[in-house]
Structures are given as C-alpha cells and as structure tokens.
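Geometric and topological summary
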Amino acid sequence: MLSLARTALARPRLVLLLFLLGTVVVAAGLPRLELRTDGALLYPRGDATVEQTLADRDAFHEPERILVLVSARPGGPPVASAAGFRFLRRIFRELQGVPGIQAFGVRSLADLVEPPPPGKLEIRNFLDEVPDDPAAFAALLGRIRRLPLASGLFLSADGRHAPVYLSLAPTADRRVVLASLESWRTARVAHSQFTLRITGPAAAEAVLGEVVLADLARLVPLMVAAVALLLWLSLRTPGGVLIPLAQILATLLWTFGLMGWAGVPVTLVTTILPVLLMAMAMTDEVHLLVRVEYLLHRMPAEGDPRQRLRLATAESFAQLYAPLVLTSLTTAAGFFSFVGAAMASLRDLGWFAGVGLLLAMVFTFGLVPALMMVLPPGWSQRRRPPAASPADVSSQTAASRWERLLARRSYALALGASLLVAAALPGLFRLRVQDSWVDNFDPRSALVTAERDFNRSLWGTYRFDVVFQKDRRFFWTPQGMALLEDFDRLARQAPQVSGVLGPLDLLQVVAAGMGIPLPLSARAPLDLKRTGATLEVLSLRLDLRQLLTQDKDAARIRLFIRGADYAKGEALRRYLAPRVGALAARHGVRAHLSGDVPVGLAVVGAIVGNQLRSIAWTAVMIAVTLLVVFRSLRWTAVTLAPVLAATAFLFGVLGWAGLPLGIATSMFAALTLGAGVDFALHYVYVYRRERRAGRDHAAAVLTTLHTAGRSVLWNALVLACGFAVLAFSAIKPNASLGLLLAAAMLASYVSTVAFLPVLLARWGGEGTARGGPSRLEGKGT
C-alpha cells in the first residue's frame, strides 16, 4: 500500500487515468443492477419449514394474492347495505378483467356460494339478488352472518369492510398488475361512496420496491450534505471536503458496479449499503488529512507549496500506514462475518460491504494522494495553524482542559464506565425478538391502514398452516373426518388464532345443506362420499384444491392470525408443535407446520441467530488480525476490550428499554465491533509510538489524547452522524439500525477514552518502550 501511495504522489495523473479507466469498466455493470424486494430472497437456505412451505404451495396450487379492501366512507352507507353489495358485485366483475389476474381468480362476498336449503342442491351466490326492501335485505344479511366463513373472510362484523381476493397468474409481474389496479382504483373511487385500498403481503413486497427507491433518493443527498458539513467542520479546507467525497463516489461506483456484473440484486437488506459505505469508507481520510495539515504547519513556509504537500503526505502515510490498513481490515471483517448467513441477501451485504471497504482502502492509498497532488496545494492546508505540536504536550500546556481532565481522571472515568456497563448487563436477559412487515412502511399509508382495518375487522392476512398426510382418499373417510374434527377443536383453543379454515369447514357446510347431521366422523362412508361428491361440484368456487389435494391424501388447515408478528407466531408455534405431533401419532398420520407465519419465524429467527453468531465470528476475525499484527495476546485483548464493553452495554440497554431485536436491528452488533475497534486501534498505535519514544505513561496518554484522540473524536462524530441519517428512512427497521449504529459509535468512543488509559497503565507499559514495532508498524513510524 505504501508503494501505491508513493506512486500516486510521484505520478498522480497516470494514477488518476488508471482509476478513471477502471471506474468506466466497473461502472458499466450499474445498468445490470436489479431491485428485488420479494420475500423469497430472505428465505434461509435449507430450512425445513421454508422447504416444506414451498412444496405445500405447489401441492395445494396456492397462488399469490393481492387484497383490495372495500370500506365505507365516514358518514356514508356501510358496505353491508344494498348500495354496498351492489358496488361490491360491480367491482367484482370489473376486477375479473384486470390483466395478470387468474381466470376465476377473484373471490369476494359477491361469489360466495350460499348453502342450499336441506334436501335441495341449488348453486347460487348470496349477492345474486340484492333486495331494496329492508326486511328482505335484513334476511339476506342474516343468512350471510350464519355462515362463519363470511364474517371471518368476506364481510367485517360491523359491515364497514369487505375484501376482494385477487389471485395472480403464475407469470404475472406483480408490479405491472399493481400499476393496473392502482389506475383502476383511482378511476373507480373518484365519485364512489366507498373507498378502495390495496394491501396484503404480496402487494407490500411490490410496493416496498418503490418505498426503497424513494428512500434512497432522499437519504443519499442528505448523507452527502451531512458528510460534507462534518468534513468541513473537522478539516476546514476545500480539499478536506472534496477529496473524501471523491473517494466515497469511487467506492460506491465500484461496489455497485461489481454487484451489477456479478448479477447480485439490490434487496431490502442491501439498500442500506450506500449509507453504510458513505459513513465508513472515508473515515481514514479524516485521520490522514488531519496529519497532513499538522505536518504542513511544522514545515518551513519557504519552498514550492506542491513539494511541501508531497513531503507532508508521504510522511503522513508512513506514520499512519499501520492503523489505516488495520482499521480497514477490522471494519471489513465485521461485514465478512455475514457471508456464512443462510440468507442470500445478507451474504450479499457481507461480501460487497466488505469488498467496498477494502476498495476504499485502496482508494485511500491511491486515489486520495493523486487528487492531493492535482488539486491546488492550498486546498489541503488551513490558513490558521494547529494550536500546538505533540512535542509540547508533555509540558501540560498544549493540551486542552478537557484532554488534561481525561488524563488526570482516568481511573474515575473507568470506574464510572464500569458501573454503567455492570448496570446494563442484566438487561441482556430481557432481550426479545420481534418483527413485523407492517413496520417497513409509513403507518399512515393506505396499505398499512388497510392492513390494520382488515386485521381488526376480519380474521387477518397471515396464515399458519398445519398439513396432515396419509393414504389416498383418507380424508374422504370417517377416520379422516375424526382427525380433522380433533384438530379443529385443538386449533380453536390455540392462542392468537382468530379463525380456522380447512376442508372440514367446507364439508360441514355442504352436509348441512344436504341434511346430513354432524359430526361427519360418525356418518356412514356412503354419506361422506355423497357429501364429498357435492363439494367437488362446488370446488372451483370454494377453492377446495387449496385445502385438499386431488388424491385426498393431504389436507391443509389454515389458522388465521390478526396483526401477525414474530411474538404472536412464536407463541402459536410453541402451542401447536407438540400437540400436532401427538395428534398425528394418535391417528397414524404424518404432519408438519408451514405457511406465511412459520416462514416468517424461520426468516427472522435465522437472521437474528446469524447476526448473534456473527458477533462471535467478527470478534474472532478481528482478534486473529490483531494477534498477527501485534504478535501479542495482551495487546490484542487491550485493543478489543473497549468495543466489547460498549457492545455489551448497548445490548443491555436494549433489554432494559424493551426494544426488540429484529431483521435490521440485530445487525448493529457485528458492525459495531468492526467499526468501533478502529478508535482503540488508533489510540493504541499512537500510545505505543509515544512509549517507544521514551515518554512515561501519563505523558503518552496526554499526547495520544491530543493527537489521535482528536481525529478519533471527529471519526466517531462523522460515523455517528452518518449512520444517524438512516433515522430519516421511511423503512422503520433501517431507521432503528441507523440510530443504534450512531449510538454504538458514540459508546465505542466513550468506552475507548474511558477504559484504555487504565488498561494501558496496567498492561501496556512493560516492554513497550524497549520493544520494537509490530509487524505493520515498520521503521517509518
């Protein structure tokens, strides 16, 4: 790396030309980038629940569905009125013609089959005739209310909401279908007495792409402005602003260009990559440019300004080579710990964030010095020189009052920080996992308000499936009915379950219409065959194939959950798993759990679990790197201790505050280790240099605080403010992650200045002054 820096200083235009040519080639991959927000990208590979759910979707011919929620306007007639039913019937017919919707793929109250009177086989829908007479309409509404499925799936109890379910064709593009639906919706509601809102998981995944793009369009300029302001405040030179911004731009172009060439899509997880790289890629420049500016003011003012800048830059690289390389490696290690994750999108984040940071290191040693040589020399030097030189610090006069206070009160500061960490640690036992897709959106958006109304008034949009399997036509026999009846009683007592739908429910409706008494398990096989044959006639309009396979050897029962999230789903899974297993064993059948909710549990659990494991891997990778460089277990432990304490403190605070770990927030710990250890690295590096120069511990600490301490402080502020930009994200998990990372950077800085003086006094003195430099420090330090 030093050779690259020297080459850039000697032949800057050639180096810039090579970087430009490389950028053109790599950036050609940008048009190949694809934005994908489908949930399948988050599925953990090899997970049994995920694999079983995907197989069930094929076995039961389950299509993707979009929901259109019809709602009454304030002060207007309810949907459960003659006007509302006619409106529902009219839009039902219109939606059947929307491109991308399956033939016979529209379901609503408008085509719900009314159970025939006993002894008659009449196939008619509830809304075939909508009477205006109040008494006749009340009778119609009464017949609808007697059918439990109607109140749970097709008409809310208060009569103000009615969903329409749209099954997408297998080859349909969700975004195209949603665009058509949105155009239709806008035209339809302009002069209507009712509102129409599009919602549901499939719609959310498609809409999320638009939210992500809008989020990036807002956050990236905000990030650029924040970074530019922080650079100006810390460096106060035009070059101090432009050069790091150029390095950030190059890092982003190369990273996303490589993603495009590799065919890696931008996903919900990797959308935070630009902000992360912008915050983390240019922190080395803060240390470098501060050192260049200081050395310039120590040099004689006479001579060629460009030559003075070249000498100061070369000396700065020689002095900072080791910490710049080490901090890049340790920060990248925090991301590379993600590459073992089960989710492809999380692996992509780990690979390309790590590669991006290594590219940023290359640009620091190549692009940055070349730009410094090409730009006017005055752009890299303040007019007002620094207050003092490190050589004067030992006199106790050059350091600021704050720096002298930190040095004098190091033991008190370490004790206070230790008490805070100790108080936070019990909070680790209060940590919990929680996540919900609704949290990804603005709570005021039509999609979210429709989701909440749906869950408040009906059974809910998310399902927990239980599948039983046996021999061919088993579920057309009394034994099969007995199993379904036993499970139905179990399911209706389960926690969080708002409704149950399985083949038993449809068979019971048909049996009642045929005058066959319940329970079906007590009926003769001939009665079951008659009931089943009748149901087969109606199966196209009742979606029987989504509940019962064609050979009748597998039955799926769907348990609905209102406002499904991780906590509710996990409570239901814990209740069902042992009971379903025991029930299946008693009836001699096979059983498994699948569906939206179990898959969501698998995704969140895998991501959180992977992230918690990545903390250990990150710590190990950083420790190995430090061990190789320092060749000392003691120095490795001293350097790691502050960031480990900060991480434990933040986890404890999360537990005490009741803030859960989710898909995004669980990522902060590994990133904290990777980025937070940089502060200690710069601190330890300068301290070791000062001790080798012959200073005692107190003078070395004060010198370190006055030199590296100031650049470390600005580094922490730049990172914290950069990550805090994510707080303005419209995607709540990203906003939470940004705030956590900002807090983590500040906590890591405080932990560094609080603990290191005491740790170094105890374990950093012996052999430091006499010992030689570490492997990366070399002779130029």
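Residues numbered from 1 in each chain as written. Predicted model: local features only at pLDDT ≥ 70, side-chain atom pairs only at ≥ 80, totals over all residues. Heavy atoms only, no water.

**Comments concerning the sheet that holds strand 3 (residues 161-168)**
Spatially, the four strands line up as an open sheet ordered 2-3-1-4, and their pairing is antiparallel. Edge strands, defined here as strands with exactly one partner in the open sheet, are strand 2 (101-107) and strand 4 (194-199). Averaged over all adjacent pairs, the angle separating strand axes in this sheet is 20 degrees, with direction ignored. The pairing of strand 2 with strand 3 spans three bridges and is antiparallel. Looking at the pairing, Ile101 lines up with Leu168 of strand 3. Strands in contact with helix 17 (residues 446-457) are strand 1 (65-72), strand 3 and strand 4; relative to strand 4, the strand with the most contacts, it is inclined by about 100 degrees. (Pairing = 2+ DSSP bridges. Helix = DSSP H or I, 4+ residues; strand = E, 2+ residues; numbered from the N terminus. Axes fitted to C-alpha atoms, helices over the stretch in contact; angles between N-to-C directions. Contact = heavy atoms within 4.5 Å.)

**Notes on the pairing of strand 7 (residues 554-561)**
Burial runs high along strand 7: eight of the eight residues are buried. The side-chain alternation of strand 7 yields two buried faces, one formed by Ala554, Arg556, Arg558 and Phe560 and the other by Ala555, Ile557, Leu559 and Ile561. Pairing between strand 5 (residues 462-469) and strand 7: eight bridges, direction antiparallel. Residue pairing in the sheet places Val466 in a bridge with Ile557 of strand 7. Note: strand 6 (residues 497-501) against strand 7, four bridges, orientation antiparallel. Residue pairing in the sheet places Leu501 in a bridge with Arg558 of strand 7. (Buried < 20%, exposed > 50% of the residue type's maximum accessible area, 1.4 Å probe, protein only.)

**Some details on the pattern of salt bridges**
According to the stated counting rule, one finds 26 salt bridges in the structure shown. Glu114 is the salt-bridge partner of Arg143, the closest N and O atoms lying 2.4 Å from each other. Separated by 29 residues along the polypeptide, Arg143 in helix 5 (residues 134-145) and Glu114 in the loop between strand 2 and helix 5 bring together distant segments of the chain. A residue is classified by how much of its surface remains accessible, and Arg143, at 30% relative accessible area, is partly exposed. We classify Glu114 as buried; its relative accessible area is 8%. Via salt bridges that share partners, Arg57, Glu62, Arg463, Asp465, Arg556, Arg558 and Asp596 belong to a single interconnected network. (Salt bridge = Lys/Arg side-chain N within 4 Å of Asp/Glu carboxyl O.)

**Side note on the environment of Ser436**
Structurally, the position occupied by Ser436 is in the loop between helix 16 (410-424) and helix 17. For Ser436, a relative accessible area of 15% translates into the label buried. Measuring from C-alpha to C-alpha, the distance between Ser436 and Gly662 comes to 8.6 Å, with 226 residues separating the pair along the chain.

**A closer look at a nonpolar patch on the surface**
Residues Leu14, Leu17, Leu18, Leu20, Leu21 and Val24 make up a contiguous nonpolar surface patch of about 570 Å² in total accessible area. By the element assignment, Leu20 lies in helix 2 (residues 12-27). (Patch = residues over 30% accessible without salt bridge, like charges linked within 9 Å, V, L, I, M, F, W, Y side chains within 5 Å. Areas by Shrake-Rupley, 256 points an atom, 1.4 Å probe, with all protein chains shown as cover.)

**Section: helix 24 (residues 668-692)**
The first and last C-alpha atoms of helix 24 sit 36 Å apart over 25 residues, in line with the 36 Å expected at 1.5 Å per residue. Where helix 24 bends most, at Gly674, the angle is about 25 degrees. Note on helix 24: the residue one or two positions beyond its end, Gly694, has a positive phi of about 105 degrees. (Expected span 1.5 Å × (residues − 1). Bend = angle between axes of the 7 residues up to and from the residue.)

**Notes on the sheet that holds strand 5**
Pairing between the strands of a sheet comes from backbone hydrogen bonds, and it takes one of two forms, parallel or antiparallel. The antiparallel open sheet is built from four strands, whose spatial order is 6-7-5-8. Strand pairing shows two members of the sheet lacking a second neighbour, strand 6 and strand 8 (590-594), which therefore form its edges. Between one strand axis and the next, the sheet turns through 20 degrees on average, direction left out of account.

**Quick look at the packing of aromatic side chains**
Note on aromatic pairs: each is described by the distance of the centres and the angle between the planes. Tallying each qualifying case throughout the model produces eleven aromatic pairs. Judged by centre distance (5.4 Å) and plane angle (75 degrees), the ring pair of Phe468 and Phe487 falls under edge-to-face. Of this pair, Phe468 sits in strand 5 while Phe487 sits in helix 18 (residues 478-492), placing them 19 residues apart in sequence. Take Phe487: its relative accessible area is 1%, and that puts it in the buried class. Taken together, the ring pairs in this structure connect Phe19, Trp254 and Phe363 into an aromatic cluster. Sitting above the plane of the Tyr575 ring, Arg579 keeps its charged end 3.9 Å from the centroid. (Phe/Tyr/Trp six-rings, centres within 6.5 Å; stacked < 30°, edge-to-face > 60°. Lys NZ or Arg CZ within 6 Å of the ring centre and 35° of its normal.)

**As for the confidence of the model for the chain**
Averaged over every residue, the pLDDT of the chain is 84; the share at 70 or more is 91%. In this model, residues 386-397 is a region of pLDDT below 50 whose contacts with residues beyond four sequence positions or in other chains number 23 contacts. For residues 767-772, every residue scores under 50 in pLDDT, and the model assigns this stretch nine contacts once sequence neighbours within four places are set aside. (pLDDT = per-residue confidence, 0-100.)

**Notes on helix 21 (residues 566-587)**
Across its 22 residues, helix 21 extends 31 Å between first and last C-alpha, which sits within 8% of the 32 Å expected from 1.5 Å per residue. Near the N-terminus of helix 21, the side chain that reaches the backbone nitrogen of Ala567, with its oxygen 3.2 Å away, is that of Asp565. Gly588 occupies a position one or two residues after helix 21 and carries a positive phi of about 70 degrees. (Polar contact = N/O pair within 3.5 Å; in protein donor to acceptor, adjacent residues only side chain to side chain.)

**What about the packing of helix 10 (residues 273-280) against helix 13 (residues 344-365)?**
Across the interface, helix 10 lies against helix 13 with an axial gap of 10 Å and an inter-helix angle of 30 degrees. It follows from the interaxial angle that helix 10 and helix 13 lie roughly parallel. In this structure, helix 10 meets helix 13 at a crossing whose hand is right-handed. Where helix 10 approaches helix 13, its residues Leu273, Leu276, Leu277 and Met280 are matched on the opposing element by Leu349, Phe352, Ala353, Gly356 and Leu357. Each residue belonging to the contact of helix 10 with helix 13 can be placed in one class, and the counts come to eight nonpolar, one polar and no charged. (Parallel < 35°, antiparallel > 145°, perpendicular 65-115°, else oblique. Left-handed = near helix turned anticlockwise from the far one by under 90°. Nonpolar A, V, L, I, M, F, W, Y, C, P; charged D, E, K, R; others polar.)

**Quick word on the nonpolar core**
Phe85, Leu127, Phe468, Phe487, Leu559 and Phe668 are the most contacted members of the largest nonpolar core, which has 249 residues in total. Non-local contacts of Phe668, meaning those with residues more than four positions away in its chain, are made with Leu650, Phe651, Leu654, Leu737, Leu740, Leu741 and Ala744. (Core = buried A, V, L, I, M, F, W, Y, C linked by side-chain atoms within 4.5 Å.)

**Some thoughts on unusual backbone geometry**
Trans peptide bonds make up most of the peptide bonds, and negative phi angles are found at most residues other than glycine. Residue Pro519 is reached from Leu518 by a cis peptide bond, and omega for that bond is 5 degrees. With phi around 75 degrees, Gln496 is a residue other than glycine that occupies positive phi space. Note that Gln496 resides in the loop between helix 18 and strand 6. Judged by its relative accessible area of 37%, Gln496 falls in the partly exposed class.

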